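Listed below, chain by chain, are the residues.
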Amino acid sequence: MVTRSQFLGGGALAMLATALSACSAEGSEPHASEQTGQGTSAPSPLQEIASRLLMATEHGVVADAVTPINTRVNELIGQLTAAGGGTLIFPPGIYAVDASGIELGNQVTIMGMGEATQFLPVGDWHEPAGVFRIGSPTSANAEPVYRTGLFDLSIKGGADPNEHIEPRANVIGIYYNTYNGESPLDPDAAHRIAGLTLWDLDTGIVLKGKDDQGMTVERVRGRRFLNAALMVGEEGVTGGADNMFSMIDLSSANRGMGQRATVEVYASNTSWSQVKVWYSKRPVELEGDSPSGAGFFVKGTRNTFSQCDAQDNGGHGFVIKWGNNSFTNCVADSNGWAENLSGSAKAGEAHGFHVSQDAPGTQLIGCMAFDRLPDSPGQGTGFWVHEKNTSTVLIGNAYNNVGENVVARGLPREHLLTVSGKQK
């Protein structure tokens, strides 16, 4: 009997997969009434399901945290792809993955059973590569790949599920570079990612392919990255547009002390809701529209952000580099945080919202920018808008920042700006 708690925890699915695998393995002769003229029968519905729903550990995949599983898992993914798609289930355990990675296939879902299903990078990773991938940083997929799923698992740089290590260089948790041809049947690959934990990696997630569109990414928690935690699109390249992101919590990016933000957006028409980014590192003095240590760096257009929060980052909370983006009920809380500054970085340089000259048509409605510790301030300016950017609409609340709460000299008088709270 499957209890309610077992079902909600994935137990029912695991038991079903086990039962179906057993059914498939029995190989019993069909009843005479089921036989065709050639003495064989068509697969039963249960057998058909069994061929599409596989328990990885019952098909030669070991969870010993040592033996790379790539070759066998990729064979099973190929088997499911050839059958028209299916699901590969990984019970709790630690699965070792070497630099060749796990290549997702058309309409194939990888499903763990919560955070206890852990994927561990092992061996040498000399070049950036994904633990789970479609294509690579240098080339797209060879065959069309649509509607993959990656659900309910963790990818961690170290074997201990509860203790951090120094992030692993070149190890990217998820790297998608999907391209399905010049005239695909569907322009959106529409992959799904949900319920993941990402720890101690070079980069958490990269979605850059031309057809990496129509995706949903939700319920992701990430900690400690050498570079960015999440990159959508690639500067100078078309890809990663039209995706939706929600309920995401990412922290401690740019530990490699470079010019990276926690979330970097180079695509258009993406939607972001309830995304929190915090504790990004900054080792350099802020100049211009610098992404170093920022929470969000947005160099794409027509993106929308709702209830997003940039907190305690070393750099700016939001760097809005390009225009026609909309921010509603977003919060910049105490960026320029002292614990995340090193080298030539100084307190008081970071802005809550930094709106570039190159970002006309920016809209910030109901946003807040504040430093919550006025006795130990770090965030220099609440809303900073380049004085030549005269087409920004700003309705916000800024208070307790180090310098001017708002620098928006170029805004036309008819654009409403509300500033409240104590001026530092």
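Quick note: structure is the one above.
Keep in mind that this is a model prediction, so the values were computed, not measured.

This part covers the pattern of salt bridges. Any two side chains of opposite charge can pair, given that their charged atoms come close. Counting across every chain of the model gives 17 salt bridges. With a shortest N-O distance of 3.9 Å, Asp152 and Arg219 are connected by a salt bridge. Of this pair, Asp152 sits in strand 9 (residues 149-156) while Arg219 sits in strand 12 (residues 216-225), and the two are 67 residues apart along the sequence. On the basis of relative accessible area, Asp152 is assigned to the partly exposed category, the value being 27%. What makes Arg219 partly exposed here is its relative accessible area of 41%. For Asp312, the salt bridge identified is with Arg372, shortest N-O distance 2.8 Å. One end of the pair, Asp312, is in the loop between strand 19 (309-311) and strand 20 (318-320); the other, Arg372, is in the loop between strand 24 (363-370) and strand 25 (379-385), and 60 residues separate them in sequence. Accessibility expressed as a relative area gives 4% for Asp312, which makes it buried. Here the salt bridges do not stand alone but share partners, grouping Glu166, Asp200 and Arg224 into one network.

Before going further, it helps to examine the environment of Thr362. Mapped onto the elements of the fold, Thr362 is located in the loop between strand 23 (350-355) and strand 24. Overall, the relative accessible area of 1% leaves Thr362 in the buried class. Taking the C-alpha atoms as reference, Thr362 lies 8.3 Å from Leu394; in sequence the two are 32 residues apart. Ignoring any residue separated from it by four or fewer positions in sequence, one finds Thr362 in contact with Ile320, Trp322, Gly323, Asn324, Asn325, Phe327, Val355, Ser391, Thr392 and Val393.

What follows deals with unusual backbone geometry. The backbone of Asn254 sits at a positive phi, close to 60°, despite the residue not being glycine. Within the element layout of this structure, Asn254 appears in the loop between strand 14 (244-251) and strand 15 (263-265). At Asn269, a residue that is not glycine, the phi angle is positive and equals roughly 60°. For Asn269, the location among the structural elements is in the loop between strand 15 and strand 16 (271-278). Residue classification places Asn269 among the partly exposed residues on the basis of a relative accessible area of 35%.

In strand 3 (residues 86-89), alternate side chains face the same way, and those of Gly86 and Leu88 on one face and Thr87 and Ile89 on the other are all buried. When strand 3 meets strand 6 (residues 108-111), the two strands line up parallel, connected through four bridges. Looking at the pairing, Gly86 lines up with Val108 of strand 6.

The next thing to look at is the nonpolar core. Leu88, Phe90, Phe119, Phe132, Trp272, Phe296 and Phe318 are the most contacted members of the largest nonpolar core, which totals 71 residues. When residues no more than four places from it in sequence are discounted, the contact partners of Phe132 are Ile102, Leu104, Ile110, Phe119, Leu150, Leu153, Ile155, Gly173, Ile174 and Tyr175. Ile172, Met231, Ala261 and Val319 belong to the second largest nonpolar core, which has ten residues in total.

Before going further, it helps to examine the state of the cysteines. By definition, a disulfide links two cysteine residues through a covalent bond between their sulfur atoms. Within this structure, the stated rule accounts for zero disulfides. Not engaged in a disulfide, the cysteine Cys330 finds its nearest cysteine sulfur in Cys308; these two sulfurs lie 4.7 Å apart. Note on Cys330: relative accessible area 0%, which makes it buried. Between Cys367, a free cysteine, and Cys330, which holds the nearest cysteine sulfur, the sulfur-to-sulfur gap is 4.8 Å. According to the relative accessible area criterion, Cys367 is buried, its value standing at 1%.

Before going further, it helps to spend a moment on the packing of aromatic side chains. According to the stated counting rule, one finds 15 aromatic pairs in the structure shown. Ring geometry for Phe90 against Tyr95: centres 5.1 Å apart, planes inclined by 85°, an arrangement best described as edge-to-face. Assigned by exposure class, Phe90 and Tyr95 land together as buried. Geometrically, the ring pair formed by Phe296 and Phe305 is edge-to-face, given 5.9 Å between the ring centres and 80° between the ring planes. Overall, the relative accessible area of 1% leaves Phe296 in the buried class. Among the residues examined, Phe305 registers a relative accessible area of 1% and is labelled buried. Each residue in the set Phe245, Trp272, Phe296, Phe305, Phe318, Phe327, Phe353 and Phe383 is aromatic and connected to the rest through ring pairs, giving one cluster. Over the aromatic face of Trp199 sits the side chain of Lys156, whose NZ or CZ is 4.1 Å from the ring centroid.

Criteria and cut-off values
- Residues numbered from 1 in each chain as written.
- Predicted model: local features only at pLDDT ≥ 70, side-chain atom pairs only at ≥ 80, totals over all residues.
- Heavy atoms only, no water.
- Salt bridge = Lys/Arg side-chain N within 4 Å of Asp/Glu carboxyl O.
- Helix = DSSP H or I, 4+ residues; strand = E, 2+ residues; numbered from the N terminus.
- Buried < 20%, exposed > 50% of the residue type's maximum accessible area, 1.4 Å probe, protein only.
- Contact = heavy atoms within 4.5 Å.
- Pairing = 2+ DSSP bridges.
- Core = buried A, V, L, I, M, F, W, Y, C linked by side-chain atoms within 4.5 Å.
- Disulfide = S-S within 2.5 Å.
- Phe/Tyr/Trp six-rings, centres within 6.5 Å; stacked < 30°, edge-to-face > 60°.
- Lys NZ or Arg CZ within 6 Å of the ring centre and 35° of its normal.

Geometric descriptors of this kind do not, in isolation, establish any biological role.
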